[in-house]
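Structure at a glance
Spelled out from the first residue to the last, the chains are:
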Amino acid sequence: MILCVNLEIIQRIRDVRDPLTLEVPDNFLTDINRFNFESVAVVALDHEFGLIRKNPDSMEARQLFDNLTAFIKCLYDLGIKPSLYKYIRTPTYRRFEKISDTIFDLTNRYANEAIARMQQNPCKEGEERSVLEKLIKIDRKIAIIMAMDMLMAGVDTTSSALSAVLLCIAKNPEKQHKLREELLKVLPHRDDHFTIENMKHLPYLRACIKESLRTYPISFGNMRETGADLALSGYRVPKGTRVFINSNLLLSEEKFFPRSREFLPERWLRQQDDMTGGDEKLIADNLSKFIFLPFGFGPRSCVGKRIVELELEMSLGNVVRHFEIEFNYHSEKPFANHLLNTPQIPLKFKFTDVNY
Ligand code: HEM
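Residues numbered from 1 in each chain as written. Predicted model: local features only at pLDDT ≥ 70, side-chain atom pairs only at ≥ 80, totals over all residues. Heavy atoms only, no water.

Within the protein one finds nine helices and eight strands. Over its C-alpha atoms the protein spans a radius of gyration of 22 Å, differing by no more than 12% from the 21 Å that the globule rule assigns to 356 residues. Dimensions of the protein, computed from C-alpha atoms along their principal axes, come out at roughly 60 × 55 × 45 Å. Residue burial in the protein is summarised as follows: out of 356 residues, 47% are buried. (Helix = DSSP H or I, 4+ residues; strand = E, 2+ residues; numbered from the N terminus. Rg over C-alpha atoms; globule rule 2.2 N^0.38 Å. Buried < 20%, exposed > 50% of the residue type's maximum accessible area, 1.4 Å probe, protein only.)

Here you go:
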């Protein structure tokens with residue numbers, strides 16, 4: 001299902017780009033958001049809305065999509081900006097409650113549909129259940145909370161990540177060319193599709209995604225409460241202190257990532273995968289695993305990590321197979337922090353068809 005959603009974006013790019021300049025409109029981020037909403041919704045709600053092309057005016061899908069966008073905005077206004085919501089029910093807080101209720105009602109409706117489907121068509125021996133169905137089987141309440149969590153945490157994050165990697169690839173044509181070569185070796189025909197097997201042979205694709213998450217981190221770091229009294233760099237940190245690990249700053253440190261301002265996917269390749277055969281050191285020896293943590297760590301790390309990886313690999317892979325991507329505008333500070341790092345410039349990519 002993720003693959004079907006994924007192929008829709010290719011056609012959508014052809015629909016919205018200017019026929020002469022081949023550039024997509026200023027608001028291309030909305031298309032990226034809709035695309036990621038669809039991809040997360042097929043996992044979280046086991047439902048395809050068709051918001052990209054088939055059914056762009058669906059009221060229900062628009063309602064859920066708009067409420068998710070508004071939810072992230074309220075979260076920033078209440079959680080990051082100074083707010084009195086803990087003492088009085090501010091207008092933003094009341095809006096937040098209403099948005100959360102709407103998201104709950106819609107999620108609940110899809111969970112009920114999945115239950116009805118399970119009752120009508122019980123799964124046959126060996127047949128794979130959807131994520132939502134598996135969760136409902138464990139506990140209906142948990143299934144609904146997880147579906148809401150996935151929608152709230154998974155759409156804007158993945159949109160920023162996809163925007164970031166497209167920007168990196170567009171601004172680095174030689175890396176884009178190298179990536180396309182790898183893709184066309186593994187998927188030489190236009191109608192070839194990604195499979196579990198062929199995706200094992202795309203190290204450069206994965207390296208491009210990792211390097212773009214280093215170049216443009218999505219979250220501002222990780223937060224934890226200390227579980228015990230600690231001594232950190234000579235400071236006493238009592239148990240229960242909220243600490244913020246801003247490892248993102250370290251991602252641009254030369255001592256950890258030489259030539260850190262350059263987009264160099266090669267730094268993430270093992271030597272045998274490196275098509276350049278280069279032996280220049282692009283990553284520090286024994287780099288602490290706490291420096292690069294785009295999906296957090298431990299039992300509370302991102303539950304969507306595998307879904308994101310799959311989605312980004314397929315979407316970037318498909319776009320690069322079908323189009324040469326350019327970005328012919330300034331891209332000095334493309335992201336701004338609103339809880340997450342989100343694009344703040346118009347993403348007017350130029351998409352030229354690749355003939356093969
Ligand atoms: C590029 C995209 C994404 C990034 C960079 C990202 C990053 C993160 C980070 C840093 C955390 C906090 C982890 C920690 O504190 O250790 C997190 C938590 C979470 N993420 Fe993601 N995420 C992404 C996409 C997704 C997607 C697609 C989903 C769902 C399908 C998702 C669902 C969640 C959930 C439910 C949590 C909370 C986990 C918990 O509290 O136990 N995320 N994510």
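Okay, back to it.
Here the focus is the coordination of the iron atom of the ligand. You will see that the iron atom of the ligand has only one donor from the protein, Cys-302 (SG), lying 2.3 Å away. Inspection of the secondary structure assignment puts Cys-302 in the loop between strand S4 (242–245) and helix H9 (305–322). (Donors = N, O, S within 2.8 Å, 3.2 Å for Na, K, Ca; no water.)

Moving on to empty space enclosed by the protein. In total, this model carries one cavity of 30 Å³ or more according to the counting rule given. The volume enclosed by the largest cavity comes to roughly 50 Å³. Looking at the largest cavity, the residues that line it are Ile-9, Ile-13, Phe-28, Ile-32, Phe-35, Leu-162, Leu-166, Ser-315 and Val-319. Put simply, the parts of the chain that give the lining of the largest cavity at least two residues each are helix H1 (2–16), helix H2 (28–44), helix H6 (140–171) and H9. The element that contributes the greatest number of residues to the lining of the largest cavity is H2, accounting for three residues. Within the lining of the largest cavity, the residues separate by chemical class into eight nonpolar, one polar and no charged. (1 Å grid on protein atoms, 1.4 Å probe; cavity = no way out; pocket = protein on both sides within 12 Å on 5 of 7 lines; lining within 4 Å. Points joined across faces, edges and corners; volume = space filled by probe spheres on them. Nonpolar A, V, L, I, M, F, W, Y, C, P; charged D, E, K, R; others polar.)

The space that makes up the second largest pocket amounts to roughly 880 Å³. Lining the second largest pocket are 25 residues; nearest its centre among them are Thr-215, Tyr-216, Arg-261, Glu-332 and Pro-334. For the lining of the second largest pocket, the secondary-structure elements that each account for two or more residues are H6, helix H8 (203–215) and strand S6 (335–338). Tallied by class, the residues present in the lining of the second largest pocket amount to ten nonpolar, nine polar and six charged.

Taken together, 22 residues surround the ligand, and among them Arg-224, Phe-297, Arg-300, Cys-302 and Val-303 come closest. One nitrogen or oxygen atom from the side chain of Arg-224 is found 2.6 Å from an oxygen atom belonging to the ligand. Within the side chain of Arg-300, an N or O atom sits 2.7 Å from an oxygen atom of the ligand. Where the shell around the ligand is concerned, the elements lending two or more residues are H6, strand S1 (222–225) and H9. Among the elements that take part in the shell around the ligand, H6 stands out by supplying seven residues, more than any other. For the shell around the ligand, the per-class residue count stands at eleven nonpolar, eight polar and three charged. (Near = heavy atom within 4 Å. Polar contact = N/O pair within 3.5 Å; in protein donor to acceptor, adjacent residues only side chain to side chain.)

This part takes up the environment of Leu-106. Checked against the element boundaries, Leu-106 lands in helix H4 (residues 91–120). Relative accessible area serves as the criterion here: at 3%, Leu-106 is assigned to the buried category. For the pair Leu-106 and Gln-63, spaced 43 residues apart in sequence, the C-alpha separation works out to 9.0 Å. Each residue touching Leu-106, except ones within four places of it in the same chain, is listed here: Glu-60, Gln-63 and Leu-64. (Contact = heavy atoms within 4.5 Å.)

Geometric values such as these leave the question of function open.
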